[in-house]
Amino acid sequence: MTEELPELRASDADREQVAERLRDAVAEGRLDMAEFEERLDAAYRARTYGELTPLTVDLPAPGGPAATVDMAKRPRGNGSWDERIVGGAEGTSQWGVAVLSGFQRKGRWTVPRRFHSFAFWGGGEIDLREAYFADREVVINCVAIMGGVNVVVPPGIEVVVRGIGIMGGFDHREEGTPAQPGAPRVVVTGFAFWGGVGVERKLTKAERQRVREERRRERLERRENRKELRRGE
């Protein structure tokens, strides 16, 4: 971690990133439930990076050396697919489990080459819209038993669905959409019994706002053009 900005306001994605690291830590036995609940409550109440950073300072990254969740904001470059395929990374998280509960992976996280999820009488969301990818092809393995898992992908990504459903199903509607040059390929596989695995394409909140602003600007430009035409008549 290079430069911290402790007074900078934290976003929902930042708080969720810390929460996911805490969930990993309690699953690994590094935190007991009392410590987990205390830190999780502090994470969701945090307003700045300075309040979030200490919550993971003593926790190692999954499968790696000790490292805090990086709260430093750095330039994100041009957002190209080549930039988001990091290569050789093991991923921020390998598993998502929901048993009579829920799980969520979202924001800026690194998807491993193979991510496993399990939902039993619960639900999970795997959001890839702002994610980085360990390889050009990643596999999202979903097991949903009387529960559901929803995979959210951004426009431009190729999706292949290979799951098996028994009294349940996998959503194939996003298959066949042409991929953008250099975009990763996401393979959704697994098993659904009395449950379902959904796949949907959605823009991020920032992208939706940008589209709305562009449409608003276009409407204003058309209005001004009509005014100019009327003045010239």
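Our structure is the block above this text.
Residues numbered from 1 in each chain as written. Predicted model: local features only at pLDDT ≥ 70, side-chain atom pairs only at ≥ 80, totals over all residues. Heavy atoms only, no water.

A. Examining the overall build of the protein more closely. Helix and strand content of the protein: 5 helices and 13 strands. Residues classed as buried in the protein amount to 39% of the 233 residues present. Of the contacts formed within the protein by residues at least 6 apart in sequence, a portion of 67% connects residues at least 24 apart. If you sum the accessible surface of the protein, you get close to 13,100 Å²; carbon and sulfur atoms cover 52% of it. (Helix = DSSP H or I, 4+ residues; strand = E, 2+ residues; numbered from the N terminus. Buried < 20%, exposed > 50% of the residue type's maximum accessible area, 1.4 Å probe, protein only. Contact = heavy atoms within 4.5 Å. Areas by Shrake-Rupley, 256 points an atom, 1.4 Å probe, with all protein chains shown as cover.)

B. Quick peek at the pattern of salt bridges. Across all of its chains, the model carries 11 salt bridges by this definition. Of the charged contacts, one joins E174 and R201 as a salt bridge, the two residues approaching to 2.9 Å between their closest N and O atoms. Placement of E174 in the loop between β11 (169-170) and β12 (185-193) and of R201 in strand β13 (residues 196-201) is noted, with a sequence separation of 27 residues between them. Salt bridges sharing partners connect three or more residues here, namely E16, E20, R23 and R105. (Salt bridge = Lys/Arg side-chain N within 4 Å of Asp/Glu carboxyl O.)

C. Fine view of the sheet that holds strand β2 (residues 102-105). The parallel open sheet is built from 5 strands, whose spatial order is β2-β5-β8-β13-β11. The sheet terminates laterally at β2 and β11, the two strands that pair on one side only. (Pairing = 2+ DSSP bridges.)

D. Representation of the layout of surface pockets within the structure. Considering only enclosed or pocket space, the second largest pocket measures out at about 390 Å³ in volume. Lining the second largest pocket are 18 residues, with R23, D24, A27, V97 and R105 sitting closest to its centre. When contributions to the lining of the second largest pocket are tallied by element, the ones reaching two or more residues are α1 (12-27), β1 (95-99) and β2. Classifying every residue of the lining of the second largest pocket gives 8 nonpolar, 5 polar and 5 charged. (1 Å grid on protein atoms, 1.4 Å probe; cavity = no way out; pocket = protein on both sides within 12 Å on 5 of 7 lines; lining within 4 Å. Points joined across faces, edges and corners; volume = space filled by probe spheres on them. Nonpolar A, V, L, I, M, F, W, Y, C, P; charged D, E, K, R; others polar.)

E. View of a positive patch on the surface. A grouping of R215, R216, R219, R222, R223, R226 and R230 is seen on the molecular surface, where their side chains present a positively charged patch. Here R219 shows up in helix α5 (residues 205-232). Take R219: its relative accessible area is 43%, and that puts it in the partly exposed class. (Patch = residues over 30% accessible without salt bridge, like charges linked within 9 Å, V, L, I, M, F, W, Y side chains within 5 Å. Lys, Arg positive; Asp, Glu negative; His and termini not counted. Charge placed at Lys NZ, Arg CZ, Asp CG, Glu CD.)

F. Quick look at the pairing of strand β5 (residues 123-127). When β2 meets β5, the two strands line up parallel, connected through 4 bridges. Residue pairing across strands places R105 opposite I126, the latter belonging to β5. Direction of pairing for β5 relative to strand β8 (residues 148-153): parallel, over a ladder of 5 bridges. Across the sheet, G123 pairs through a bridge with G148, a residue of β8.

Without other data, these values stay purely geometric and don't point to any function.
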